[in-house]
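Observations on the three-dimensional arrangement
Here are the chains, one letter per residue:
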Amino acid sequence: MNQIDIPIFYSFRRCPYAIRARLALAVARVQVDLREVVLRDKPDAFLQTSPSGTVPCLQHAEGVIDESLDVMIWALQQHDPEGWLDMPAEGWDWIARCDGAFKTALDRTKYATRYPDADPQAERAKAMAFLQDLDQQINGWVFAHPTIADYAILPFVRQFAFIDKAQFDRETIPQVQAWLPGFLGTQAFADVMGKYPQWIAGSDGIVFPGTL
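Note that this is a predicted model, so its numbers are computed, not measured.

A word on the overall build of the protein. When helices and strands are counted, the protein shows nine helices and five strands. Mapped in sequence order, the helices and strands of the protein form the string β-α-β-α-β-β-α-α-α-α-α-α-α-β. A globule of 212 residues ought to have a C-alpha radius of gyration of about 17 Å, and the protein, at 17 Å, matches this closely. Expressed as a percentage of the 212 residues in the protein, the buried residues total 47%. A sequence separation of at least 24 residues applies to 71% of the contacts in the protein between residues at least 6 apart. Surface summary for the protein: the accessible area is close to 10200 Å², and the carbon and sulfur share equals 49%. Positive and negative side-chain charges of the protein, numbering 19 and 27 respectively, have mean locations separated by a distance of 8 Å.

What follows is the structure in structure tokens.
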């Protein structure tokens, strides 16, 4: 498949979907050939691999995984040393709410010019409704210990918070406001946010995570 015979992983550093996939790959210690994609200049090899043309996309010996949550689950099924998959069924509902209504509202808040028919303030209120509900669930973590729910949702909360960090900090969501910086300050987050050069066809990718 590639020079180092490990799965190929197409990524984009700032994309929250790619961030959460990298978090799972890193904690599972599943090495991949990371290929950084510049979204305005997508390489043909990536477009030929990804059915959706979106990152992240993982190509492994058995096929292609084109959804970030599926990449997370696949990696953790290989190795789950921190028990991220040991989670109440309710956790999948929280992830679905994040990926559905919250992400829709987030996009219409952050990228308001792309959605001229949407009211960004009304969309922000919808996003905040999810975070207020989540705030009632969190007590350090979404459940008793860190799970895939935390790491699947946190990259999107990060994206929302930094639309207007001062306003986010004024909101009455104390558990979420403590949960987010607790994540951003971890070595785990730092380890998945390295800067990588744009992958060019014919070149090697980056072995990620770098050490096992």
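Moving on from the model shown.
This part covers the pattern of salt bridges. Tallying each qualifying case throughout the model produces seven salt bridges. Between aspartate 33 and arginine 35 there is a salt bridge, with its nearest N and O atoms 3.5 Å apart. With respect to class, aspartate 33 is no different from arginine 35; both count as buried. Salt-bridge contacts for aspartate 107 lead to lysine 103; the nearest nitrogen and oxygen are separated by 2.7 Å. Highlighted residues: aspartate 107 and lysine 103, both in helix α4 (residues 90–110), separated by four residues, approximately one helical turn. For the pair formed by aspartate 107 and lysine 103, the shared burial category is buried.

Glancing now at the environment of alanine 89. Its location among the elements puts alanine 89 in the loop between α3 (68–78) and α4. C-alpha separation for the pair alanine 89 and glycine 100, spaced eleven residues apart in sequence, amounts to 17 Å.

The end-to-end C-alpha separation of α4 is 28 Å, in line with the 30 Å expected for 21 residues at 1.5 Å each. Largest kink in α4: about 40 degrees, centred on phenylalanine 102. In this structure, the buried residues of α4 make contact with α1 (16–28), α3, α5 (120–137) and α6 (148–161).

Turning to its location among the elements, serine 68 is positioned in helix α3. Residue class for serine 68 comes out buried when judged on its relative accessible area of 4%. The contacts of serine 68, once residues within four sequence positions are left out, are Tyr17, Arg20, Ala21 and Pro56.

Before going further, it helps to spend a moment on the pairing of strand β1 (residues 8–11). Both faces of β1 are covered, namely the face carrying Ile8 and Tyr10 and the face carrying Phe9 and Ser11. What joins β1 to strand β2 (residues 32–36) is α1, and the crossover it makes is right-handed.

Attention shifts here to the pairing of β2. With five of five residues buried, β2 lies mostly within the body of the structure. By the alternation rule, side chains of β2 split into Val32, Leu34 and Glu36 and Asp33 and Arg35, which are all buried. Pairing geometry for β1 and β2, over four bridges, is parallel. Along β2, the bridge assignment pairs phenylalanine 9 with leucine 34. As paired strands, β2 and strand β5 (residues 206–208) are joined by three bridges and run antiparallel to one another. For leucine 34, the partnering residue across the bridge sits in β5 and is isoleucine 206.

Let us look at the packing of α3 against α6. Helix packing geometry: the angle between the two helix axes and the distance between the axes. In the contact formed by α3 and α6, the axes pass within 11 Å of each other and the chain directions differ by 145 degrees. For the element pair α3 and α6, the recorded crossing hand is right-handed. Where α3 abuts α6, its residues Leu69, Met72, Ile73 and Leu76 lie against Ile148, Tyr151 and Ala152. In the contact of α3 with α6, the residues fall into seven nonpolar, no polar and no charged.

Analysis parameters
Residues numbered from 1 in each chain as written. Predicted model: local features only at pLDDT ≥ 70, side-chain atom pairs only at ≥ 80, totals over all residues. Heavy atoms only, no water. Helix = DSSP H or I, 4+ residues; strand = E, 2+ residues; numbered from the N terminus. Rg over C-alpha atoms; globule rule 2.2 N^0.38 Å. Buried < 20%, exposed > 50% of the residue type's maximum accessible area, 1.4 Å probe, protein only. Contact = heavy atoms within 4.5 Å. Areas by Shrake-Rupley, 256 points an atom, 1.4 Å probe, with all protein chains shown as cover. Lys, Arg positive; Asp, Glu negative; His and termini not counted. Charge placed at Lys NZ, Arg CZ, Asp CG, Glu CD. Salt bridge = Lys/Arg side-chain N within 4 Å of Asp/Glu carboxyl O. Expected span 1.5 Å × (residues − 1). Bend = angle between axes of the 7 residues up to and from the residue. Right-handed = clockwise from strand over helix to strand, strands pointing away. Pairing = 2+ DSSP bridges. Axes fitted to C-alpha atoms, helices over the stretch in contact; angles between N-to-C directions. Left-handed = near helix turned anticlockwise from the far one by under 90°. Nonpolar A, V, L, I, M, F, W, Y, C, P; charged D, E, K, R; others polar.

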